[in-house]
Amino acid sequence: MASPFEVLDIDPDASEADLRRAYRERIIEAHPDHGGSTAEFQRVRAAYEAAKAGRELEAPPEQEEIEEEPEPDDGPEGAHVEYLNYAVLDDHGWDVGDSDLFGKAGDADLDPVNHGKFVVEPGESLLEAAENRGFAWPYACRGGACANCAVAVVEGELEMPADTILPPEMKAHGIRLSCNGIPLTDEMKVIYNIKHLPGLDELRLPPRPFEQAHASD
Ligand code: FES
């Protein structure tokens, strides 16, 4: 079985910064939107966690005294996000506008890939939080210039520092970009994978724009 460092294609003695850099490169290659698969994405994610944990275990203790952890409620808390996959709505005869959509999803006992909850930690975007918990949500540019990563915010608010693509009427209906979207509320409900929603399809980029551009050179 390959070691975490072999999966990440990096030397075991590499620095913390190089480990993070290798992870970011590998996780993009492994993403289903970029030619990888969900299994490969989760394998790279697990390798990164294992490599980080190994590094922490190997780190020599520099101080005998253990400093007290700060009180958890002294710092900013994350946002609790309940998510639902747009792809399952049709199967159940549900609609984005259903008033009790998330209640129905809760009763349907859906797979965790399609429905569940996670916490977006301070400093994470919504997409990063999903990826850091092993989910492969869609994206392409990660820079606010396509609709691949769009989500429908059903409850709460998501701030987008970068957005050059969404028309005002879509934003008025709660459509936001998850790649740079930061929760402004403690609780949120979002529908992800809405890239095929009418009006968003034409704002999408192909999953692998650069490879396709080179292929047609
Ligand atoms: S991935 Fe293109 S705007 Fe988010």
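Report on the accompanying structure. Everything numeric in this text was worked out from a predicted model, so none of it was measured.

Okay, the pairing of strand β3 (residues 150–155) next. In this sheet, strand β5 (residues 175–177) lies alongside β3 in antiparallel orientation, the contact comprising 3 bridges. By the bridge assignment for β5, Ala-150 is matched with Leu-177. Pairing of β3 with strand β7 (residues 187–192) involves 3 bridges; the strand directions are antiparallel. Looking at β7, one finds that Ala-152 is bridged to Ile-191.

Another aspect to go through is the nonpolar core. With 46 residues, the main nonpolar core has Leu-8, Val-81, Leu-126, Trp-137, Val-151 and Val-190 as its most contacted residues. Two domains share this core, each providing at least three of its residues, namely domain 1 (4–58) and domain 2 (73–203). Here Leu-126 is in contact with Val-81, Val-120, Val-151, Leu-158, Ser-178, Gly-181 and Pro-183, once residues within four sequence places are set aside.

Glancing now at the sheet that holds strand β2 (residues 115–120). Pairing is mixed across the open sheet formed by 5 strands, whose spatial order is β2-β1-β7-β3-β5. What marks the edges here is a single partner per strand, and that holds for β2 and β5. Pairwise comparison of adjacent strand axes, ignoring direction, gives a mean angle of 35° for this sheet.

Another point: unusual backbone geometry. The backbone of Asp-9 sits at a positive phi, close to 55°, despite the residue not being glycine. Position of Asp-9 among the secondary structure elements: in the loop between α1 (4–8) and α2 (16–30). By the C-beta count within 10 Å, which is 13 here, Asp-9 ends up partly exposed.

Reading guide: rules and limits
- Residues numbered from 1 in each chain as written.
- Predicted model: local features only at pLDDT ≥ 70, side-chain atom pairs only at ≥ 80, totals over all residues.
- Pairing = 2+ DSSP bridges.
- Helix = DSSP H or I, 4+ residues; strand = E, 2+ residues; numbered from the N terminus.
- Core = buried A, V, L, I, M, F, W, Y, C linked by C-beta atoms within 7 Å.
- Buried ≥ 20, exposed ≤ 12 C-beta atoms within 10 Å, placed from the backbone.
- Domains from an automatic or database assignment.
- Contact = placed C-beta atoms within 7 Å.
- Axes fitted to C-alpha atoms, helices over the stretch in contact; angles between N-to-C directions.

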